[in-house]
Amino acid sequence: MQSLQTQTSIPVQLSSGDGTKSVKYYEKENFNVNYRMLFSKNEADELFHQLESNVDYYSGDLARIKMFGKWVNIPRQHVAYGSNGLHYKFSGNTIPAKPWSSVPCLQQIKDRVESVLGVTFNFLLINRYANGMQYMGEHRDDEKELESDAPIASVSFGQERDFTFRHKDCRGKQKKRSDVPKITHSLQHGSLLVMNAPTNKFWYHALPKRSHTKNPRINLTFRVMKE
DNA sequence: GAGCTCGCAGTGGG
DNA sequence: ACCCACTGCGAGCT
């Protein structure tokens, strides 16, 4: 495990280009995030293909959220998997988890993540961004049913996209502080990004629009839910 | 390379 | 966690 202490650079950069080593970002300001490649190019290509062929995303009511009193369609596709009757509550909606066995390659990916991290996950949210116009706005994963001490493991396939972090005190017109840098990092095909506690209490994250980007990205976030 | 313009990216507030 | 309005900026062009 290679680690990198970054004090000042904006955005934070990877220290190694070979793609096989883990990179740890600075732990100032309660930011504790690791990034590494998890699958070879060939493995990632194959898994991306299998996910594209076998994952059925939610539609209709399960693809909507309520925000500021208005129901809107999410600007991406999503679906959840997990053990026995778990579900995911956010923005006024409740997303049920399908069984792991509905898509054969999920267990393989889960096994790889768990063996690398030494953590057992019971829930998976898959988000698919068909192109650069699809995105996810800034938010924290603060659902009550998430085990808040457990890491969140985010595996990426397909189109490389930027991912951003912003400290909670550096938002809004009357922000409390402006001295904490915004962090931008690219998520590569076959990579693993791990958000460790307490990052999610202090930092918002987003997958911003990239209007020139044409190709789809699939993201799998493994979580630990209270059962 | 200065100036312009138009689209994109970022932000804030509902 | 979205949508919209607004702003600043920068790539591309002349």
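Remember, it's a predicted structure, so these values are computed and weren't measured experimentally.

Caption draft 1: Summary view of the pairing of strand β3 (residues 64–67). Relative to strand β4 (residues 70–73), β3 is paired through four bridges, and the arrangement is antiparallel. Bridge pairing links Arg64 to Asn73 in β4. If you look at the hairpin formed by β3 and β4, you'll find two residues sitting between the two strands, and Phe68 has a positive phi there, around 50°.

Caption draft 2: Structural context of the protein's contact with DNA strand B. By nearness alone, every residue bordering DNA strand B is listed as Phe68, Arg166, Gly172, Lys173, Lys175, Lys182, Lys209, Arg210, Ser211 and His212. Backbone atoms, meaning sugar plus phosphate, form 69% of the atoms of DNA strand B positioned within 4 Å of the protein. Within the side chain of Lys182, a nitrogen or oxygen atom sits 3.0 Å from a phosphate oxygen of DNA strand B. Within the side chain of Arg210, a nitrogen or oxygen atom sits 3.3 Å from a phosphate oxygen of DNA strand B.

Caption draft 3: Region of interest: the nonpolar core. The biggest cluster of nonpolar side chains holds 59 residues, and the ones touching the most others in it are Ile109, Ile126, Phe157, Leu220 and Phe222. Per-element tally for this core: the top contributor is strand β8 (residues 123–129), with five residues. Among residues more than four places away in sequence, those in contact with Ile109 are Phe39, Leu47, Leu51, Phe157, Leu220 and Phe222.

Caption draft 4: Summary view of the UniProt feature "binding site: 2-oxoglutarate" (unreviewed entry) in chain A. Here the UniProt feature "binding site: 2-oxoglutarate" (unreviewed entry) sits at Asn127, Tyr129, His139, His205, Arg217, Thr221 and Arg223. Set against the largest pocket, the annotated residues that line it come down to Asn127, Tyr129, His139, His205, Arg217, Thr221 and Arg223. Position of Arg217 among the secondary structure elements: in strand β15 (residues 217–223). Polar side-chain contacts of Arg217 include one of 2.8 Å to the side chain of Ser156. Tracing the backbone shows Arg223 in strand β15.

Caption draft 5: Just the side chain of His205, in detail. Mapped onto the secondary structure, His205 falls in strand β14 (residues 203–207). Only 3.5 Å separates the side chain of His205 from the side chain of Asp141, close enough to count as a polar contact.

Caption draft 6: Looking closely at the layout of surface pockets. Put simply, the largest pocket is a space of about 670 Å³. Broken down by secondary-structure element, the contributors of at least two residues to the lining of the largest pocket are β3, β4, β6 (87–90), β8, β9 (136–139), β14 and β15. The space that makes up the second largest pocket amounts to roughly 250 Å³. Asp141, Leu146, Ser148, Asn200 and Lys201 are the residues nearest the centre of the second largest pocket, which is lined by 18 residues in total. Within the lining of the second largest pocket, the residues separate by chemical class into eight nonpolar, four polar and six charged.

Caption draft 7: The arrangement of the pattern of salt bridges in detail. Under the definition given, this model contains 15 salt bridges. Among the ionic pairs, Lys41 bridges to Asp45, the shortest N-O distance being 2.7 Å. Pair noted here: Lys41 and Asp45 are both in helix α1 (residues 41–54), with a separation of four residues, about one helical turn. We classify Lys41 as exposed; its relative accessible area is 57%. The partner of Arg210 in a salt bridge is Asp162, with the nearest N and O atoms 3.1 Å apart.

Caption draft 8: Region of the structure containing the side chain of Ser154. On the secondary structure map, Ser154 appears in strand β10 (residues 152–158). Ignoring anything within four residues of it in the chain, the contact list for Ser154 reads Ser191, Leu192, Leu193, Asn219, Leu220 and Thr221.

Caption draft 9: Region of interest: unusual backbone geometry. Pro198 follows Ala197 through a cis peptide bond whose omega is 0°. Considering the arrangement of structural elements, one finds Pro198 in the loop between β13 (191–195) and α3 (199–202). The backbone of Phe68 shows a phi angle near 50°, a positive value even though the residue is not glycine. Within the fold, Phe68 resides in the loop between β3 and β4. With relative accessibility at 85%, the residue Phe68 sits in the exposed group. One non-glycine residue, Ser91, adopts positive backbone phi at about 45°. Take Ser91: its relative accessible area is 28%, and that puts it in the partly exposed class.

Criteria and thresholds
- Residues numbered from 1 in each chain as written.
- Chains lettered and ligands numbered in written order.
- Predicted model: local features only at pLDDT ≥ 70, side-chain atom pairs only at ≥ 80, totals over all residues.
- Heavy atoms only, no water.
- Pairing = 2+ DSSP bridges.
- Helix = DSSP H or I, 4+ residues; strand = E, 2+ residues; numbered from the N terminus.
- Near = heavy atom within 4 Å.
- Polar contact = N/O pair within 3.5 Å; in protein donor to acceptor, adjacent residues only side chain to side chain.
- Core = buried A, V, L, I, M, F, W, Y, C linked by side-chain atoms within 4.5 Å.
- Buried < 20%, exposed > 50% of the residue type's maximum accessible area, 1.4 Å probe, protein only.
- Contact = heavy atoms within 4.5 Å.
- UniProt positions renumbered as here; feature names shortened; annotations may be inferred.
- 1 Å grid on protein atoms, 1.4 Å probe; cavity = no way out; pocket = protein on both sides within 12 Å on 5 of 7 lines; lining within 4 Å.
- Points joined across faces, edges and corners; volume = space filled by probe spheres on them.
- Nonpolar A, V, L, I, M, F, W, Y, C, P; charged D, E, K, R; others polar.
- Salt bridge = Lys/Arg side-chain N within 4 Å of Asp/Glu carboxyl O.

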